[in-house]
Amino acid sequence: MIRFTFLFSLLAGTMIWTGCDFSENEADPTSSFTRIYDDNRFEASYEPLDIVQTPDGGFLIAGSRKTDLSDFPGLYLVKTDAAGNFVQEIDYSASLVHPLDEILRINNNYYLIAMDPVSLQAVLVSLDPSGEAGSITPMGGIIYPLGAGQDGNNIILQSFNLDDKQTVMSVHGVNGQPSLVKTFSIGPGSDYVTPILEHFTETGKKLPFKAGKLPGGLYYFNGFYNYTFSLVFTNLQEDEPQGVTQGQHDDGGISAIQPIQGQNFALASFNYGNNFIMPRKTLNTGGISSTVDLVENPFPELVQDAPIELKVIQGQAPRIVYGSHTRNGQIVLYSFSESEGTLTGTRYLGYSNKSELAGFTSTEDGGMAVLGKTYISGRFGRMILYKLTAEETNDLLN
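Residues numbered from 1 in each chain as written. Predicted model: local features only at pLDDT ≥ 70, side-chain atom pairs only at ≥ 80, totals over all residues. Heavy atoms only, no water.

Q: How should I be thinking about the overall build of the protein in this particular structure?
A: For the protein, the helix and strand inventory stands at two helices and 30 strands. Against the globule reference of 21 Å for 398 residues, the protein gives a C-alpha radius of gyration of 20 Å, in line with a compact fold. With respect to the principal axes defined by its C-alpha atoms, the protein has extents near 60 × 50 × 40 Å. A buried classification covers 57% of the 398 residues belonging to the protein. In the protein, the share of contacts with a sequence separation of at least 24, taken over all contacts with a separation of at least 6, comes to 48%. (Helix = DSSP H or I, 4+ residues; strand = E, 2+ residues; numbered from the N terminus. Rg over C-alpha atoms; globule rule 2.2 N^0.38 Å. Buried < 20%, exposed > 50% of the residue type's maximum accessible area, 1.4 Å probe, protein only. Contact = heavy atoms within 4.5 Å.)

Right, dumping it as structure tokens:
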């Protein structure tokens, strides 16, 4: 059993504060804090994935951890109270692997997609807001899940058919059964198989696989099609896609996507290590285009091929918020106007220890919770949670 501590820890000469931020918010410990979730198994390492706030004001954190039981990282969950204090863990790492990096909320219930380590089939895991173990439902024989999204009460899943060299798109209810399935050829050969399998085992580049649906329109996936990592738009009826925004093999492509309205999107892309942020861009969802023709606004402070989280946050006006991490080891949040695409604020998190972003969410008090990864003694990954006040969040957004 893992134990978590909240105190000053002297580890290899590094002082790590894992308690509250003692500031003007001292009277309300839920308003602002920083928490590091330590482990008495010093060599254990964790990869945070996503975070949601639960109805009790606490947080449910999804993550993964490497074990000796599988080549794939195992599913691991943490429940906290409203002040970020550890409540309990659920360690699925012996029975479920390769959790996807998005917690889905459907009818006030929470779900996450993972994989059976033996059959390699996708399973739908229900997440209890109190932190108790939930149900595990097979997803109709779909294998190698890559990316997930949501359309109302339906789950959209991108997966990989290794035998037939196909990207698979499927739509599921919470019973796990698919109502639509469509396959797209990646092409013969094996050049692209290695990066996909290295993505699964976390032994190579982590690729930004995505799946979703435009409001009232086409489905989309960000993945491999016709040899190339591309953003593909499809009605899931016709054999050929309606539109393709091509990347450059696995060296370039879209790294984050958020539909805004019509053909307008908030995007981020990567190209041979460089990163580009495009808060308002028009895409041709009915034709062929290239990510190379889209790029603008390079962000050289971000790490190479930076993982980027992208959400719309409702402040005084809708804001496009990008999150990532910088070359000097800090988490960074950028806020842009949804209507104009202009930068409205920037905030950095993390100081003495390297921090990497995993996800973020708005909170019921008007603040934000930012989930990341930090390193003990520069080696052992631990989950870290930053809670921003409503005032701090307003400063970022406006």
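Q: Honestly, the confidence of the model for the protein in this entry has me stumped. Any pointers?
A: Any region with low pLDDT has predicted coordinates that should not be read closely. With 92% of its residues at a pLDDT of at least 70, the protein reaches an overall mean of 90. By mean pLDDT, the top-scoring element of the protein is strand S26 (residues 331-337) (98), and the lowest-scoring one is strand S2 (residues 14-17) (30). For residues 1-25, every residue scores under 50 in pLDDT, and the model assigns this stretch 63 contacts once sequence neighbours within four places are set aside. (pLDDT = per-residue confidence, 0-100.)

Q: Help me out: how do you make sense of the pattern of salt bridges in this one?
A: For side chains of opposite charge, pairing can occur when their charged atoms come near one another. Under the criterion given, the structure shown has eleven salt bridges. Of the charged contacts in the structure, one is a salt bridge between Lys281 and Glu296, with a shortest N-O distance of 2.8 Å. With Lys281 in strand S22 (residues 274-282) and Glu296 in the loop between strand S23 (288-290) and strand S24 (309-314), this residue pair connects regions lying 15 residues apart in the sequence. For Lys281, a relative accessible area of 18% puts it in the buried group. Here Glu356 and Lys354 are joined by a salt bridge, their closest N and O atoms 3.4 Å apart. Of the residues examined, Lys354 reaches a relative accessible area of 45% and is grouped as partly exposed. (Salt bridge = Lys/Arg side-chain N within 4 Å of Asp/Glu carboxyl O.)

Q: Explain the environment of Ile320 here, please?
A: Mapped onto the fold, Ile320 is located in strand S25 (residues 318-325). Residues Ile320 and Lys387, 67 residues apart in the sequence, show an inter-C-alpha distance of 19 Å. Residues within four places of Ile320 in sequence aside, it is in contact with Ile260, Ala266, Pro279, Leu310, Lys311, Val312, Tyr334, Ser335, Phe336 and Glu338.

Q: Quick question: what am I supposed to make of the sheet that holds strand S20 (residues 252-261) here?
A: Strand pairing in a sheet is mediated by backbone hydrogen bonds. Such pairs are either parallel or antiparallel. Overall, antiparallel pairing links the three strands, which are arranged S20-S21-S22 in an open sheet. At either margin of the open sheet sits one strand with a lone partner, and together these are S20 and S22. Along the sheet, successive strands turn relative to each other by an average axial angle of 15 degrees, direction set aside. (Pairing = 2+ DSSP bridges. Axes fitted to C-alpha atoms, helices over the stretch in contact; angles between N-to-C directions.)

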